[in-house]
Amino acid sequence: MGATAKTFSGGVAVITGAGAGIGAGLARQAARLGMKVAALDISADRLSTLSTELRALGAEVLPIVTDVGVAANLDAAAEQVHATWGDVRLLINNAGIETIGNSWEIPAARWEQTLNVNLHGVIHGVRAFAPRMLASGKPGFIANLASIGAFGAMPMQTAYILTKHAVQSFSECLYLEIELTGKPVRVSTIVPGLVRSEIFADTSGESAHARAHRKAMREMMAAYGMDLDEACTIILDQVAAGEFWVSTQPDMTRDMIAGRTAFLSTQSRPALTPQTKALLASSDP
């Protein structure tokens, strides 16, 4: 048994946004490691499909259909998981949606949904589950999905990017808060680069320009993205090792952070990189 399996086998994993993409990949990997998996997602159909897959891997599964953008839903999920299986060893706040469009063109309802799922879902996921994890006195792991986008700026993806900047800063502060408790709970920020998933699949009634941008991003991800299962294996290995920085493509993360550091240190104006300009040109409708 490898080190990651020794750390997680027999424990309870809670994964939000588990019905698709990175969340589903992490749920499958947790099942392979011998974990019980509480899978949270807004789609009952996706959860049904995932539960069948995980049970075929021999895992115990607790599917919970819920909208993580509602704080009370996460409180209820925490109660259900605790009543069913007891202490949680691994909490992954993964749920997220991609919203495309100029800031002034995105409807208010979509803005609120993006903020509620991508940011409030992470904050309230921690608020709902962390108290029992800390009180148990047992080793535990909390991992929040940031993004390579947490260290950059991208027009047309402002709603998503700003939530990931916020998740990154939340995770840094959370790490310090939990460190001060002296409890054996580790905090990680997960920084995926390009990983093949379905995040760019939903057009959600967007403008022609937004749909074209989404299509360009989807095609770039398909061409250059990392295999989903490979990425999820890397993620859980690094979380199990207690790393704060969990990167699927470390070189990409370093390059993005170096660019952000230079931007902040020089206090220069925001500017598009040649790569971003090319992408935006390719997405003109």
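Attention in this report is confined to the structure presented alongside it.

**Remarks on the pairing of strand 3 (residues 61-65)**
Looking along a regular strand, one sees the side chains alternate between the two faces of the sheet.
And step 1. Across five bridges, strand 2 (residues 36-41) lies against strand 3 in parallel orientation. Bridged to Ala 38 within strand 3 is Leu 62.

**A word on the nonpolar core**
What tends to happen in soluble globular proteins is that the nonpolar side chains get buried as a cluster.
And step 1. Core analysis: the largest hydrophobic core is formed by 36 residues, its most contacted members being Phe 8, Leu 90 and Ile 92.
And step 2. Secondary-structure elements contributing two or more residues to this core are helix 1 (3-8), strand 1 (12-16), helix 2 (21-32), strand 2, helix 3 (44-56), strand 4 (90-93), strand 5 (140-145) and helix 8 (228-240).
And step 3. Ranked by the residues each element gives to this core, the list is headed by helix 8, at seven residues.
And step 4. Excluding residues that lie within four positions of it along the chain, Ile 92 makes contacts with Val 14, Ile 15, Thr 16, Leu 26, Ala 143, Leu 145, Ile 190 and Leu 236.
And step 5. One finds Leu 62, Ala 95, Ala 128 and Ile 142 within the second-largest nonpolar core, a separate group that totals 28 residues.

**Considerations on the sheet that holds strand 7 (residues 245-247)**
And step 1. Across the sheet, seven strands lie side by side as 3-2-1-4-5-6-7; this open sheet has parallel pairing. With partners counted over all chains shown, the strands left at the sheet margins are strand 3 and strand 7, one partner each. Shown here is a sheet whose adjacent strand axes are inclined to one another by a mean of 15°, direction ignored.
And step 2. Judged from the six bridges that link them, strand 5 and strand 6 (residues 185-191) form a sheet pairing that is parallel. Following the sheet pairing, Leu 145 is matched in strand 6 by Ile 190.
And step 3. Against the sheet, helix 5 (residues 108-136) makes contact with strand 1, strand 4, strand 5 and strand 6, and its axis sits at roughly 170° relative to strand 4, the strand it touches most.
And step 4. Packing of helix 6 (residues 158-181) onto the sheet brings it into contact with strand 5, strand 6 and strand 7, and relative to strand 6 it is tilted by some 160°.

What counts and what doesn't
- Numbering of residues begins from 1 in every chain and follows the order in which that chain's sequence is written.
- Under the rules for a predicted model, residues below a pLDDT of 70 receive no local features and side-chain atom pairs below 80 are neither given nor counted, while totals for whole chains, interfaces and linings still include all residues.
- Each side-chain value is worked out from all heavy atoms of the structure, with water and hydrogens disregarded.
- Pairing between two strands is assigned when DSSP locates at least 2 bridges connecting them.
- To qualify as a helix, a DSSP run of H or I must reach at least 4 residues; to qualify as a strand, a run of E must reach at least 2; elements of each kind are numbered from the N terminus.
- Side-chain atoms within 4.5 Å are what join buried Ala, Val, Leu, Ile, Met, Phe, Trp, Tyr and Cys residues into a set we call a nonpolar core.
- Only protein chains enter the calculation, and the probe is 1.4 Å; a residue is then buried if its accessible area is under 20% of its type maximum, exposed if over 50%, and partly exposed in between.
- Here, two residues are considered to be in contact whenever any of their heavy atoms come within 4.5 Å of each other.
- With axes taken as lines fitted to C-alpha atoms, and helix axes fitted only over the stretch in contact, angles between N-to-C directions fall between 0 and 180 degrees.

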